[in-house]
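Next come the chains, spelled out residue by residue.
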Amino acid sequence: MENSRNSLIPSFLYSSSSLKSGFNFDQGMADQVKLTDGSSFSVAASSAVAKRGFVVQAPSEPGGIKMFSPAYYAACTAGGTLACGITHTAITPLDVVKCNMQIDPAKYKNISSGFGVLLKEQGLKGFYKGWAPTLLGYSAQGASKYGFYEYFKKTYSDIAGPEYATKYKTLIYLAGSASAEIIADVALCPFEAVKIRVQTQPGFARGLSDGLPKIIKNEGVAGLYKGLVPLWGRQIPYTMMKFASFETIVEMMYKHAIPTPKEQCSPSFQLGVSFAGGYLAGILCAVVSHPADNLVSFLNNAEGATVGDAVKKLGLWGLFTRGLPLRIIMIGSLTGVQWGIYDSFKVYVGLPTTGGAAPVAAK
């Protein structure tokens, strides 16, 4: 359907409300409409279009990337690769301490003692164990997560139609992010399995090059994916919270806290909003996904262990609280910087930042 293919999706401010009086759609003319941010789009004004309802084209600079085109999704995929790969690799020391606190709380009692024990026993190089599987794994995950999120968000909005896409935008954020994360975790899981073994089992392997073949030799390819279901349990709620809360927080910030409309704010200001919204969303993400994060660490560290073994050893309270303060600091910062990098890349290639004022349903 023509209207379906051109339906509006939440977080983008392109709707039929942008076009009001002053255009005669029966004249068979093409008018160029200027937006407040300097971008433009063309409206084909013909009698045939007038009869079925006009089409709003996605704005883009001349020679730039057209919204929702293959190049657009490729750009989002590239931005996601940078956002997740760089940030997760940068916080490898925090991740090493967190994983060891989850696996051996008697030895790694808290954050400060965890860093002290690791430094004493393994030196500075111990803080960067597992950096290679972290870089490759989370780059692959970020590419799938952000690229497929944009794709599913647009697809589900088209299915719902402009009115329902606006009315139930939060459900679309949730469904789009969950669908994207299912795919992203399949890409991440093998690297996550190697990373945790390298970080928590001294002597297991030096890194990805010898750790990956060792797991395959001992446990087969299935050994790389035994943590997939707990990983889904951790990452899907995390990502749903990450994207839905970010979109909502940014919308509320522009609606209630920032007096200037988004399209009139400078790119640097918009990127600051992206970081702030991402940090707040990250705190919520950490709390929601922490029990599953403990399960993933436990199962990947103990060969043949089950979820029941983890619950028995850690206890329900331990599942929800062990390592949580450090993870809040880590995930809050991580998510804020990720959104900053992702939206910076989008601005760099000429695309709008993510989130903003609530869209207006097309009439």
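What you are looking at is a predicted structure, and each value in this text was computed from that prediction instead of being measured.

## Some points on helix α9 (residues 208-219)
Step number 1: Over its twelve residues, α9 extends 16 Å from the first C-alpha to the last, a length consistent with the 16 Å expected when each residue adds 1.5 Å.
Step number 2: For α9, the secondary structure elements touched by its buried residues are α6 (131-160) and α8 (169-200).
Step number 3: Downstream of α9 by one or two residues, Gly 220 has phi in the positive range, about 80°.

## Here we look at the side chain of Gln 199
Step number 1: Mapped onto the secondary structure, Gln 199 falls in helix α8.
Step number 2: Taking the relative accessible area as the measure of exposure, Gln 199 reaches 1% and is therefore buried.
Step number 3: Side-chain polar atoms of Gln 199 contact the backbone oxygen of Lys 129, separated by 3.2 Å.

## Looking at the packing of aromatic side chains
Step number 1: Counting across every chain of the model gives 16 aromatic pairs.
Step number 2: Here Trp 339 and Tyr 342 contribute two aromatic rings whose centre-to-centre distance is 5.8 Å and whose plane-to-plane angle is 75°, an arrangement assigned as edge-to-face. Here Trp 339 and its partner Tyr 342 are both found in helix α13 (residues 324-348), three residues apart, which amounts to about one turn of the helix.
Step number 3: Each member of the aromatic cluster is reached from another via a ring pair, and the members are Phe 68, Tyr 72, Tyr 73, Phe 148, Tyr 151, Phe 152 and Tyr 156.

## Observations regarding the pattern of salt bridges
Step number 1: Here the structure, examined in full by the defined rule, presents 14 salt bridges.
Step number 2: Residue Lys 98 is joined to Asp 95 by a salt bridge in which the shortest nitrogen-to-oxygen separation is 3.7 Å. Placement of the pair is Lys 98 and Asp 95 together in helix α4 (residues 92-103), with a separation of three residues, close to one helical turn.
Step number 3: Residue Lys 98 is classed as buried on the basis of its relative accessible area, which comes to 3%.
Step number 4: Put simply, Arg 206 and Asp 210 hold a salt bridge, and the shortest N to O gap is 3.8 Å.
Step number 5: Using a relative accessible area of 22% as the deciding quantity, one classes Asp 210 as partly exposed.
Step number 6: Residues joined in a network through salt bridges with shared partners are Asp 95, Lys 98, Glu 192, Lys 195 and Arg 234.

## Here's the deal with the environment of Trp 339
Step number 1: Classification of Trp 339 by relative accessible area gives buried; the value is 0%.
Step number 2: A sequence separation of 14 residues divides Trp 339 from Thr 353, and the C-alpha atoms of the two residues are 9.4 Å apart.
Step number 3: Ignoring anything within four residues of it in the chain, the contact list for Trp 339 reads Tyr 146, Lys 242, Phe 243, Phe 246, Ser 274, Gly 278 and Thr 354.

Conventions adopted
Residues numbered from 1 in each chain as written. Predicted model: local features only at pLDDT ≥ 70, side-chain atom pairs only at ≥ 80, totals over all residues. Heavy atoms only, no water. Helix = DSSP H or I, 4+ residues; strand = E, 2+ residues; numbered from the N terminus. Expected span 1.5 Å × (residues − 1). Contact = heavy atoms within 4.5 Å. Buried < 20%, exposed > 50% of the residue type's maximum accessible area, 1.4 Å probe, protein only. Polar contact = N/O pair within 3.5 Å; in protein donor to acceptor, adjacent residues only side chain to side chain. Phe/Tyr/Trp six-rings, centres within 6.5 Å; stacked < 30°, edge-to-face > 60°. Salt bridge = Lys/Arg side-chain N within 4 Å of Asp/Glu carboxyl O.

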